[in-house]
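Residue-level structural notes
Here is what each chain is made of, one letter per residue.
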There are 2 protein chains.
Amino acid sequence: MTEKTTETKVEEAQTAALEIAGTSDETRSDALESIAEAIDANHDAILSANEKDVREAEQLLEAGEYSQALVDRLRLSPSKLESIAAMVRSVAAQEDPLGKTQTARELDDGLELYKCTVPIGVVGTIFESRPDALVQIASLCLRSGNAVILKGGSEASHSNRVLFELIREATADVPDGWAQLIEARADVDTVLEMDDEIDLVMPRGSSAFVSYIQDNTSIPVLGHTEGVCHVYVDSDADLSMATDIAYDAKVQYPAVCNAVETLLVHEAVAEEFLPEIATQYEDAGVELRGDDASRAIVPMETADEADWETEYGDLVLAIKIVDSLAEATRHITTYGSKHTDAIVTDDADRAGRFMRSLDSASVFHNASTRFADGYRYGLGAEVGISTGKIHARGPVGLEGLTTYQYYLEGDGQVVGTYAGADGKPFVHDTFDSSWTPGSLSER
Amino acid sequence: MTEKTTETKVEEAQTAALEIAGTSDETRSDALESIAEAIDANHDAILSANEKDVREAEQLLEAGEYSQALVDRLRLSPSKLESIAAMVRSVAAQEDPLGKTQTARELDDGLELYKCTVPIGVVGTIFESRPDALVQIASLCLRSGNAVILKGGSEASHSNRVLFELIREATADVPDGWAQLIEARADVDTVLEMDDEIDLVMPRGSSAFVSYIQDNTSIPVLGHTEGVCHVYVDSDADLSMATDIAYDAKVQYPAVCNAVETLLVHEAVAEEFLPEIATQYEDAGVELRGDDASRAIVPMETADEADWETEYGDLVLAIKIVDSLAEATRHITTYGSKHTDAIVTDDADRAGRFMRSLDSASVFHNASTRFADGYRYGLGAEVGISTGKIHARGPVGLEGLTTYQYYLEGDGQVVGTYAGADGKPFVHDTFDSSWTPGSLSER
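Please read these numbers as outputs of a predicted model, since none were measured by experiment. (Residues numbered from 1 in each chain as written. Chains lettered and ligands numbered in written order. Predicted model: local features only at pLDDT ≥ 70, side-chain atom pairs only at ≥ 80, totals over all residues. Heavy atoms only, no water.)

What follows is about the overall build of chain A. A tally of regular secondary structure across chain A gives 15 helices and 17 strands. Across its three principal axes, chain A shows a C-alpha extent of roughly 75 × 70 × 35 Å. Evaluated residue by residue, chain A yields a buried proportion of 58% over its 443 residues. Contacts in chain A between residues at least 24 apart in sequence constitute 71% of all its contacts with a sequence separation of at least 6. Put simply, chain A shows about 17200 Å² of open surface, and 44% of that area lies on carbon and sulfur atoms. (Helix = DSSP H or I, 4+ residues; strand = E, 2+ residues; numbered from the N terminus. Buried < 20%, exposed > 50% of the residue type's maximum accessible area, 1.4 Å probe, protein only. Contact = heavy atoms within 4.5 Å. Areas by Shrake-Rupley, 256 points an atom, 1.4 Å probe, with all protein chains shown as cover.)

Next up on the list: the side chain of Thr329(A). Residues and elements named next belong to chain A. Residue placement: Thr329 occurs in helix 14 (residues 325-335). Look at Thr329 and you get buried, because its relative accessible area is 9%. If we ignore the near neighbours within four places in the chain, the residues touching Thr329 are Phe354, Ser357 and Leu358.

What follows deals with the domain arrangement of chain A. Split into domains, chain A comes out as domain 1 (6-95 + 123-215) and domain 2 (229-379). On a C-alpha basis, the centroid separation for the pair domain 1 of chain A and domain 2 of chain A is 35 Å. (Domains from an automatic or database assignment.)

Residues and elements named next belong to chain A. Summed over all chains, the structure comprises 24 aromatic pairs over all chains. Here the aromatic rings of Tyr247 and Tyr281 are separated by 6.4 Å at their centres, their planes lie at 15 degrees, and the arrangement is stacked. Residue Tyr247 is found in helix 10 (residues 239-251), and its partner Tyr281 is found in helix 11 (residues 267-283); the two are separated by 34 residues along the sequence. Using a relative accessible area of 0% as the deciding quantity, one classes Tyr281 as buried. The rings of Tyr114, Tyr407, Phe431 and Trp435 are connected pair by pair, giving a single aromatic cluster. (Phe/Tyr/Trp six-rings, centres within 6.5 Å; stacked < 30°, edge-to-face > 60°.)

Looking now at the pattern of salt bridges. In the structure shown here, the tally under the stated rule is 47 salt bridges over all chains. A salt bridge links Arg168(A) to Glu165(A), with the shortest nitrogen-to-oxygen separation between them at 3.5 Å. Residue Arg168(A) and its partner Glu165(A) are located together in helix 7 (residues 157-170), separated by 3 residues, close to a single helical turn. Taking the shortest distance from any N to any O, the salt bridge between Glu33(B) and Arg89(B) comes out at 3.1 Å. Linking Glu33(B) in helix 2 (residues 25-41) with Arg89(B) in helix 5 (residues 78-93), this pair joins segments that are 56 residues apart in sequence. Judged by relative accessible area, which is 27%, Glu33(B) ranks as partly exposed. Under the relative-accessibility criterion, Arg89(B) is labelled partly exposed at 29%. Among the ionic contacts, a cluster of salt bridges with common partners joins Asp199(A), Lys338(B), Asp359(B) and Lys389(B). (Salt bridge = Lys/Arg side-chain N within 4 Å of Asp/Glu carboxyl O.)

This brings us to the interface of chain B and chain A. Listed as interface residues are 73 residues of chain B and, on the opposing side, 73 residues of chain A. The contact between chain B and chain A buries some 6300 Å² in all, and 59% of this surface belongs to carbon and sulfur atoms. For the chain B face of the interface with chain A, the top three residues by lost area are Ile390(B), Tyr406(B) and Val415(B), together amounting to 11%. Applying the counting rule to chain B against chain A returns 4 salt bridges. Residues Lys115(A) and Glu399(B) are paired through a salt bridge, measuring 3.2 Å at the closest nitrogen-oxygen approach. (Buried area = accessible area lost by both parts, 1.4 Å probe.)

All names here are of chain A. In terms of burial, strand 2 (residues 111-119) is largely enclosed, as 9 of its 9 residues are buried. Because side chains alternate across strand 2, one face comprises the buried residues Leu111, Leu113, Lys115, Thr117 and Pro119, and the other comprises Glu112, Tyr114, Cys116 and Val118, equally buried. Bridge analysis of strand 1 (residues 101-108) against strand 2 gives 6 bridges, and the strand direction is antiparallel. In the sheet register, Glu106 faces strand 2, and the bridge partner there is Glu112. The antiparallel hairpin formed by strand 1 and strand 2 contains 2 residues in its connecting segment, where Gly110 sits at a positive phi of about 75 degrees. With 8 bridges connecting them, strand 2 and strand 16 (residues 402-413) associate as antiparallel partners. Across the sheet, residue Leu113 finds its bridge partner in strand 16, namely Leu408. (Pairing = 2+ DSSP bridges.)

Turning next to the confidence of the model for chain A. In this model, chain A carries an average pLDDT of 94, and 98% of its residues clear a pLDDT of 70 or more. On the interface metric, ipTM, the complex scores 0.92, and its pTM is 0.92. (pLDDT = per-residue confidence, 0-100.)

Once that is clear, we can look at the relation of the copies chain B and chain A. Mapping chain B onto chain A leaves a residual RMSD of 0.0 Å; the transformation is a rotation of 180 degrees accompanied by 0.0 Å of translation along its axis. Taken together, the rotation and translation relating the two chain copies correspond to the operation of a two-fold axis. The C-alpha atom lying nearest the rotation axis in chain B is that of His391(B); the distance is 2.0 Å. Both copies present the same face, since 100% of the interface residues in chain B are matched by interface residues at the equivalent positions in chain A. (Least-squares fit on C-alpha atoms with pLDDT ≥ 70 in both.)

Let us now look at the packing of helix 2 of chain B against helix 7 (residues 157-170) of chain B. Residue and element names in this part refer to chain B. Between helix 2 and helix 7, the least distance of the axes is 8 Å, while the angle of their chain directions is 135 degrees. By the criterion of interaxial angle, the relationship of helix 2 to helix 7 is oblique. Crossing angle aside, the handedness with which helix 2 passes helix 7 is right-handed. Across the interface between the two elements, Ala31, Ser34, Ile35 and Ala38 of helix 2 pack against Leu166, Ile167 and Ala170 of helix 7. Among the residues making up the contact of helix 2 with helix 7, the classes are represented as 6 nonpolar, 1 polar and no charged. (Axes fitted to C-alpha atoms, helices over the stretch in contact; angles between N-to-C directions. Parallel < 35°, antiparallel > 145°, perpendicular 65-115°, else oblique. Left-handed = near helix turned anticlockwise from the far one by under 90°. Nonpolar A, V, L, I, M, F, W, Y, C, P; charged D, E, K, R; others polar.)

All names here are of chain B. Spatially, 4 strands are ordered 5-4-3-6 in an open sheet, and the strand pairing comes out parallel. Pairing within the sheet leaves two strands with one partner each, and these edge strands are strand 5 (179-182) and strand 6 (200-203). Neighbour to neighbour, the strand axes of the sheet diverge by 20 degrees on average, direction disregarded. Examined bridge by bridge, strand 3 (residues 122-126) and strand 4 (residues 147-151) share 5 bridges and lie parallel to one another. Within strand 4, the residue paired with Val122 across the bridge is Ala147. In this fold helix 7 packs onto strand 4 and strand 5, with an angle of close to 165 degrees to the strand it touches most, strand 5.

Shown next, in the form of structure tokens:
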């Protein structure tokens, strides 16, 4: 059998997208349960394919081409497979994001406009090495009625192929072709050019990779570039609270994008605050880099301009002392990435000023930046985190995989009736509705 | 005085964007009233600048470089200025789109998440010759708290400069720099490269122009490419209704994007329907182009493949006879532009199938495609029509100029408390709220 071309796969997905959009809530959630069962029943096949990937990766690790972290992320285990199946079931259990009437409006007698949620269509996804990413992305797209192009990392190709086949077989009740696997790196460029067929691209990977995608396609991109998050300890902060938050935001899980990278401290509290948190950081193995004022209080490396805009993703933290809330927000606006920024203060007014003057996706008062996450926000599983401002921001759940469509139900109305100085006026009254296309009028 | 560079203007807009986002509803609507008053009080200055543009355009018309339609669109008059001022006042009167709490959720005791509407930030707009476009776009951006870069057509440069100065002077209470005028064509490319400073680009112009913008920037683009709209007359259509709708959709205003371009007719009703509508079209001067089956019923030009995908924007219509609803939706999916498509039928079930199987921004049952418009939809003034699927679809009003931001109010919570097998569970209860940043907790 000849392998299908990427163009053919994308076109098949486009056809399937129109069909899967019309499937019922039950069809989609039952299909997800089938995927979970298929994972449960096929541990051996999955783990043996994964073993091949891990062996190949270990050889590249020995050759110095891969990192240990990459090999670790790649490795599956029976307990990991159980948690993947549980994730799929949690997506199945989520409320159907489709067919929600956002607005119903009477334009005139017998002329009713409905704005309802629908899938986006064909979503192109390009993701990193973890094989569970394939299952998670496919599950979220299926739940939200989207067709999906899946391009995983080549290092996970054996695992991805087995997982993809299981998903395809388990979803026989869903229109064929809704999920497509592509494998060669060159196929990514083909995908990026198919702007008539693909409605959204979701890259997951390094900031440089996401920027590359943004620069090389006219398809809208939903992605997360950098997470340069800040904690600002205000002059009116409860310093014990500030210590807990600053510690948690850096140390609890430093590799993730919502970890703090720069700590800003008001000069009025710096001498009291910095020595205590520095001791705690030191015990946790955090490397500190500070401006001159910070270094006058606690000995540490020098932070230069590059530090202010770096996402370390590691146990490294930049520290700067500021003379005002305004200097803090100016610093964040200049160097931040609009991901997540927090203020610690007991003064509600100053908290409000901080929150209103930043345009980051998430702005926190007296809480750790690490809360910026789809699960913690109560969105269920998340597709990813968006640092763009359009469509979906911050942690993106199923809702971010939907868009809306307008439906107008009339009984023969024409625009000529409403045109010109003598035209009939519109009514424009909104009403509550759970209308679906083809149902009888609700009024 | 040296003219500022485009880079400087965009950077000033970026600074102003953070400030205008925090202005009150009253400040923004009062500023719009001031703009309306300034237009009322300065008819002479505006009309004399406009006269220069019109004279220059007429010279180019004589030289064969401009069309009469362009000159007509360019020309202002006292009554046109009155309607522009009325439009500005109607934008002022619209409900504030900012600060609406979309979701409020208790994550845990004393840890509350608010998702609220905020402006997008800096919007770059590039628009056609009509000088009222500048006032309309600036007004909608101001109402929604966005900073705006305005690039009008060079043919309207005198009018645009006067209108821009009036707007700037009338909005002294709004943070300076919120509106920026750029004039040279070369500056467009500078704008398209400033993806760190500009959050959204809204081009208004030809389909080729919008595609050019999409292909030459990594900034998200909200625009409308083509309007290849369809009316499908089903076998169960009320043919008198079908005639009215097909006539209105083409003839009432053929130059606009929501006018029908292809009429699809079920074979069972074609012989009865086509002669009647063809007579009416003929009286209105519509040129018909049909497939062989249509031409066997009514003499007309031959439609070829190119006709099915052409937006005529004129009194020209393609006609095709189909053997089923499925063939109709297949044709629309293949050749349409996902703008607006309508079915005429008395069968609710078939209407539902039609509406569910198309992913156009607007899908109508028994109504003219010409209703696809922000004013008729009850959205107030519209920024434009979007044929993309991301962020805003179809007619885009003030809501499409907003995005959202997450605010988290805590009292010292850290993620460590909720992590791992023994972690505290989240509550995740939603509640009603009209919280604003800095106000005391509502629970």
